Structure formats: C-alpha cells, structure tokens
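# Geometric and topological summary
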Amino acid sequence: MSKLKPADNGIRSFRPGPLLLLCTVALLISGGILFKIIRERQAVAKLSPEKAVVEEIREEISQPKPPTLHPLRGKRRIFLADGCDFRFHELTFTRTGSEQHDHPLAVLRDNDACLWDFQPVEGKKNHYRIVCADARYEEAFGKELTYTRLIDDEVPRDDTAPYLTLREDDPCEWEVRPLSYQNQFELYCRSGSEPFLNESLGWMTEQEDLKKEEITATLGRNGNPSWFILPEGQTPKTPRRVSHLIVMPRTDTELLTKARKHYEEEGLDIFRIRFETQHDKLTRGARKTNYVNLVKAIRDSDPIVGHPDFPPILSLDPTRPKEMLEAQLFPMVIPLEVTLRTHEIRKLTLENTEFWINAWDEVENFQSHLDESDIADGRVYRTENFTYFFVSWED
C-alpha cells in the first residue's frame, strides 16, 4: 500500500479521548451553576421591594400597636344630640348663673361656642377630666367641669338636681361612652358621692335659684341624653327639613282591622295627626298619594329610603290596579304642609277621627323614640304601634 493512500479510504472521524470528556462535563456543570447564580440575583433584585413590604407587615403583626384608651384626647366642642327642643345647643357656661355661688355655671345655648379640653385619666379607657379650654374667658379657663349640690340652710339637698359648675378645687372624672351613631356619646360622672355618682350628664329648664332663666347642665335628667363631641371648629350636621310623614304599623291588631273597614267606608279623611312645635299646634289629614311615585322621587336624594324599616315598593302587589295602589291605607302618607326639622316637634298624636277620641298613638317625648343612626338622621320614630318616617318631597 502506497504511503500516499490513507488507510481509512479518505473518511475522517474524531474520537475524543477521556480527558476531553472530563473537561466538557466540568464546563457544563460550571455553566449551570453560574446561570443559577445570575437568575437568583436577578430575582432578588426584582422582589426586594415586595419582600420589604412583607417584612414590614410581619413586623406589624408580630408587634401590634396597642389600642388607644383615650381617642378624644384634646380640645373639643360638646353639643346636645337628643331629639328635643334644644338639640344642637352647645355646652357652654354663664358667669353669673346662680344665687348661691359665684362659680361659672354650665348651660346649653345656641350660637355660643365653648372649647373643652379632654384630659385622659391614666389607665382607664374613655375616662377623662373635662376642663374649660377657652382662653377668651380668664375666670373659667383651666377650671374643671364638675357638679355642685344646692344648699338649703347650709344643708346639701340630695333631692334636687345639682348644678354643673366650673371649679379648680374639685376634680371630676367623666366616662365618655361612645354610641354606634357617628360622633355621639353619653357622659357619666364617675366620681363624687351618692346620689349623683354614676349619673349621666343631662339638662333641665327649671333649675332652682337662678338669676335668670337658663337651660342648665345637670346630672340624671331626661334619661341618658346623647351628645355630639366634635373637634375644634366643627359643628353638627343639621338634619334636612321634612315635608311629608309616612306611617307604617308595627303590629296587625284588631284596632287596625277596624280602621281598614272605616277606611273602605269613609276614605282617608278620617285619619289625621296633630303635632306641636314650640310655637304652633297643627292638624293635618291623610291624603291619597301615589306612594310609588314618592319613593321614586326621593330614592336618589334621601338616604332614609335605605333604612331597614322603610316600607319598600316591592311589598306592594304589582297586580293591583293603580287606583288601589294610590289609595291603600298603608303606607299612609300625610303631607305636613310645612317644612320643619323633626327635632322641633314636641308632641305628635295619630288619630282615627271616626271615634273622635280614639288616639291611635301619642308621642309626647320624641327624644325617647328618636333613631339617630346615620341613615335615619333623626327622622325615624318608633313607638309600640307605629313607625314614623319623615321625608322631604316636592310633589
């Protein structure tokens, strides 16, 4: 065989040796490790803000902030919130109120702003000392809201409501109990002695030994009145004026069965309400009113439609003729023919005049029936027999 002729007939093949195989394997492994390291670093760089947020949340969960015991700390204004003649009057003071002493006397007045400092009582939730913080009045500034008994022949009278006075030598502790309604509270005196210990902050109009007639703050009168407690510069939101009353029964009694019969015979004219304000006594009769149109008109403008007790349109039978829907007894709609705010009403009587003396319902003290929820806005009243809804509607 000639040396010029290859032994493999011109076909070339490569056969790697063991060393080359080892190097290749090592190179692949190194590349894989390097690729993994780069990917992990990129992932850390992308997720680091989220990890920081997670760690912050974890830290907050592991170390929760203790709830504050005194959310009302600082300067506030106090307004009567109950549905009475003096709703929205502000707790303030008069310098020469009593014939018995010279201490400033706490009173309720309209348009007479006064600032109070709620100073926490350490270790007691919602317990404060209430101090006059209105620097305009040197004689009252820094003095505490407390109470003073009336004196008769130098003997304290425990059978008479005390004065609420401003003094600096008699600290008083107040529990401010929050209600479910926004910015409304009940206040209770938690220091002193019987019979006024633990009584609620109230008001009265016939306090004894006054130099002039005042609405005085006192303890244990008019139930457990609620109060607006608002930051400096704020005042309560006044409920809207109302024009119509909607009446719905709470129970289906024999009295209502008879009333429906009278209604079918005589019509709505035999039903009426009498209501009293501070200056007027008014009588209004029920009228044939399209309740469906009423609700449609106020649905987007009056939150009272969302009240859980408000009579829904869906409860009406859609198969009944329109004339029957307009003239049915309930919901009974009574135009007030005036526009007023509900807290201005002192007394309301709902009558079936078929008997002339048959008062279905009589509400003398609205404050004990007033619904102060955000939706009701002081315009829903419940009694044993009926629920009253006051709405604003231009028909």
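Before reading on, note that the structure itself is shown above.
Quick caveat, the model's predicted, so the values are computed rather than measured.

Before going further, it helps to spend a moment on the overall build of the protein. For the protein, the helix and strand inventory stands at four helices and 23 strands. When burial is assessed residue by residue, the protein has 44% of its 395 residues classed as buried. Pairs at least 24 residues apart make up 62% of the contacts formed inside the protein by residues separated by at least 6 positions. Per element, the accessible surface of the protein, about 23,100 Å² overall, is 50% carbon and sulfur.

Turning next to the environment of Thr-235. Tracing the sequence through the fold places Thr-235 in the loop between strand S14 (227-231) and strand S15 (242-249). Distance in space between the C-alpha atoms of Thr-235 and Ile-78 is 9.0 Å, their sequence separation being 157 residues. Setting aside chain neighbours within four positions, we find Thr-235 in contact with Arg-77, Phe-79 and Leu-230.

This part takes up helix H2 (residues 254-266). Between its terminal C-alpha atoms H2 stretches 18 Å, which fits the 18 Å expected from 13 residues at 1.5 Å a residue. What H2 keeps buried is the set Leu-256, Ala-259, His-262 and Tyr-263. When H2 is viewed along its axis, its buried side chains cluster within an angular range of 115 degrees and face the same direction. Turned more than 90 degrees away from the buried face of H2 sit Glu-254, Lys-261, Glu-264 and Glu-265, all of them exposed.

As a further point, take the side chain of Arg-284. Along the chain, the position of Arg-284 falls in strand S17 (residues 281-285). Exposure remark for Arg-284: the relative accessible area of 13% places this residue in the buried category. Among the polar contacts listed, one links the side chain of Arg-284 to the backbone oxygen of Leu-336, at a separation of 2.5 Å. Setting aside anything within four residues of it in sequence, one finds Arg-284 in contact with Arg-272, Ile-273, Phe-275, Ile-334, Pro-335, Leu-336, Glu-337 and Val-338.

Here we come to the pairing of strand S16 (residues 271-276). On a regular strand, one side chain projects to one face of the sheet and the next to the other, so that they alternate. Note: S16 against strand S19 (residues 347-352), six bridges, orientation antiparallel. Its bridge partner lying in S19, Arg-272 is registered against Glu-351. Where S16 lies against S17, five bridges are found, and the strand directions are antiparallel. From the neighbouring strand, Arg-272 faces S17, where its bridge partner is Gly-285.

The next thing to look at is the nonpolar core. Residues Trp-116, Phe-118, Leu-145, Leu-164 and Trp-174 are the most contacted members of the largest nonpolar core, which totals 35 residues. Within the second largest apolar cluster, 30 residues are counted, among which are Leu-245, Ala-286, Phe-366 and Leu-370.

Calculation rules
Residues numbered from 1 in each chain as written. Predicted model: local features only at pLDDT ≥ 70, side-chain atom pairs only at ≥ 80, totals over all residues. Heavy atoms only, no water. Helix = DSSP H or I, 4+ residues; strand = E, 2+ residues; numbered from the N terminus. Buried < 20%, exposed > 50% of the residue type's maximum accessible area, 1.4 Å probe, protein only. Contact = heavy atoms within 4.5 Å. Areas by Shrake-Rupley, 256 points an atom, 1.4 Å probe, with all protein chains shown as cover. Expected span 1.5 Å × (residues − 1). Arc of directions from axis to C-beta. Polar contact = N/O pair within 3.5 Å; in protein donor to acceptor, adjacent residues only side chain to side chain. Pairing = 2+ DSSP bridges. Core = buried A, V, L, I, M, F, W, Y, C linked by side-chain atoms within 4.5 Å.

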